[in-house]
Amino acid sequence: MPKIFTDIFKNNQEWVQQKLNQDPDFFNKLAKGQKPPILWIGCSDSRVPANEITGTQPGEIFVHRNIANMVVHTDMSMLSVLDYAVNVLEVSHVIVCGHYGCGGVNAALDNKQVGIIDNWLRNIKDVYRLHKAEIDALPTLEQKQRRMVEVNVQEQVFDLIKTSIIQNAWARGRFLQVHGLVYDIANGILKDLNVTVGDNSEIDSVYKFDV
Ligand code: CO
C-alpha cells in the first residue's frame, strides 16, 4: 500500500491517543450525540479545512462543502444539511466561507469549457452578471478574482435567507444569524465580510414568504 494511504491510519492512531491523553472521555462524550452551534458552508478546496482554521473540535461545527461554497436552491444535499442544522440541531449561526484563490470562482470568470462542472460554475457566472459593472471596472485579474470571491459569498448569504428554512425559523422567533466570511489561503487569515443578517429585513420583497 502506498505510504500516503497507510499514513492515514498511523496518523489516526496518534490523534486518538493524543485526544485520550487530553480527555479520557473525549470519544465517549461525542458518541452520545452532537449539538454544534454553527453550520459551515465552505469550499471543497483541500486548503480550507473548517475545523482546523477555526480552532474548533469535533462536535462544534456542522459542515457542508462544495465547489465554491455555493447555496444552490435546487441542491437537495445543501437543503437537507441546512434543514437538519436549523430545525434539528438548532444551530444559531450559519457561516458561508469563501476563500481567495478559489478555483471555482476563477473558472467562472473565464470562458473555457471544463466539463460537467460548467453547469455548477454557471451559478457563479450568475453572481458575476449581477456584479459585472463593479468587477469589470477593477484593473487587474487578481483584483477581479478577489472581489468576485467576496461578492459570491455575499450572494450566497442572500440565497440562504431566501430559503423557507431560514425564513420560517425567523418567523418562529428563533435567534439565527447568517454570516459571510472569506479565508485567505496565502496567509491563513479568516475575515468577516460584515454582511451578517439576523432577521428578514434584508430579504428582497420578491423572495419574502408570507408568515
Ligand atoms: Co474554492
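Residue positions are counted from 1 within each chain, in the order its sequence is given. With the structure being a predicted model, the display of local features is reserved for residues of pLDDT at least 70 and the display and counting of side-chain atom pairs for 80 or more, all residues being used for whole-chain, interface and lining totals. Hydrogen atoms and water are omitted, and side-chain values are computed over all heavy atoms in the structure.

Visitor: Explain the coordination of the cobalt ion to me, and be specific about the residues and the numbers.
Guide: Note that water is not among the atoms considered, so a metal site may appear incomplete; the donors listed are N, O and S atoms within 2.8 Å of the metal, with 3.2 Å applied to Na, K and Ca. Looking at the metal site, the cobalt ion is ligated by Cys43 (SG), His99 (NE2) and Cys102 (SG), spaced 2.0 to 2.3 Å from it. In terms of primary sequence, the donors binding the cobalt ion are separated according to C-x55-H-x2-C. Of this pair, Cys43 sits in strand S1 (residues 38-43) while His99 sits in strand S3 (residues 93-100); the two residues are 56 residues apart in sequence, bridging distant segments of the chain. Each member of the pair, Cys43 as well as His99, carries the same accessibility label: buried. For helices the rule is a DSSP run of H or I covering at least 4 residues; for strands it is a run of E covering at least 2, with both sets numbered from the N terminus onward. We call a residue buried when its accessible area falls under 20% of the maximum for its residue type, exposed when it is over 50%, and partly exposed in between, using a 1.4 Å probe and counting protein chains only.

Visitor: Lay out the pattern of salt bridges with the relevant residues and their values.
Guide: Take a side-chain nitrogen of Lys or Arg and a carboxyl oxygen of Asp or Glu: if they are within 4 Å of each other, that pair is a salt bridge. Throughout the structure, instances matching the rule amount to 14 salt bridges. Here Asp126 ties to Arg129 by a salt bridge, and the two come within 3.9 Å at their closest N and O atoms. Note that Asp126 and Arg129 are positioned in helix H6 (residues 117-130) at a spacing of 3 residues, about one turn of the helix. Under the relative-accessibility criterion, Asp126 is labelled partly exposed at 25%. A salt bridge links Glu150 to Arg147, with the shortest nitrogen-to-oxygen separation between them at 2.8 Å. Taken as a pair, Glu150 and Arg147 lie in helix H8 (residues 141-161) at a separation of 3 residues, close to a single helical turn.

Visitor: Explain H6 to me, and be specific about the residues and the numbers.
Guide: By this rule, a helix spans an expected 1.5 Å times one less than how many residues it contains. Between the first and last C-alpha of H6 there are 21 Å, a value that for 14 residues agrees with the 20 Å anticipated at 1.5 Å per step. Its maximal kink placed at Asn123, H6 deviates by approximately 30°. Listing the buried residues of H6 in full gives Leu121, Ile124, Val127 and Tyr128. Any two residues having at least one pair of non-hydrogen atoms within 4.5 Å are treated as being in contact. Where H6 is buried, its residues touch helix H5 (103-108), helix H7 (132-136) and H8. Bend is computed residue by residue as the angle between axes fitted to the seven residues ending at the residue and the seven residues starting at it.

Visitor: Can you lay out the domain arrangement of the protein chain for me, pointing to particular residues and giving the numbers?
Guide: Domain start and end points were adopted from an automatic or database domain assignment. Structurally, the protein chain comprises domain 1 (1-32) and domain 2 (34-207). Taking only C-alpha atoms into account, the centre of domain 1 sits 30 Å from that of domain 2.

Visitor: Help me get a handle on the pairing of S3, residues and values and all.
Guide: Burial within S3 is extensive, with 7 of its 8 residues counted as buried. Each pair of strands is called paired provided DSSP finds at least two bridges between the two strands. For S1 and S3, the ladder comprises 5 bridges, and the chain directions are parallel. Along S3, the bridge assignment pairs Gly42 with Cys97. Inspection of the sheet shows S3 paired to strand S4 (residues 177-184) by 8 bridges, in the parallel sense. When the sheet's bridge partners are listed, Ile95 is paired in S4 with His179.

Visitor: I'd love a proper account of a nonpolar patch on the surface, names of residues and values included.
Guide: A surface patch of nonpolar side chains, about 640 Å² in accessible area, is lined by Met1, Ile4, Phe5, Ile8 and Phe9. As for its position among the elements, Ile4 is in helix H1 (residues 3-22). Residues forming no salt bridge and having over 30% relative accessible area are the ones grouped into patches, like charges within 9 Å of each other and nonpolar side chains (Val, Leu, Ile, Met, Phe, Trp, Tyr) within 5 Å. What sets the accessible areas is the Shrake-Rupley method with a 1.4 Å probe; for residues, cover comes only from the shown protein chains.

Visitor: Summarise the environment of Pro36; cite the residues concerned and give the values.
Guide: Note on placement: Pro36 falls in the loop between helix H2 (26-31) and S1. When its relative accessible area of 1% is taken as the criterion, Pro36 is described as buried. In this structure the C-alpha to C-alpha distance between Pro36 and Gln167, which are 131 residues apart in sequence, comes to 21 Å. The contact partners of Pro36, leaving out residues within four places of it in the chain, are Gly59, Glu60, Ile61, Phe62, Leu89 and Val91.

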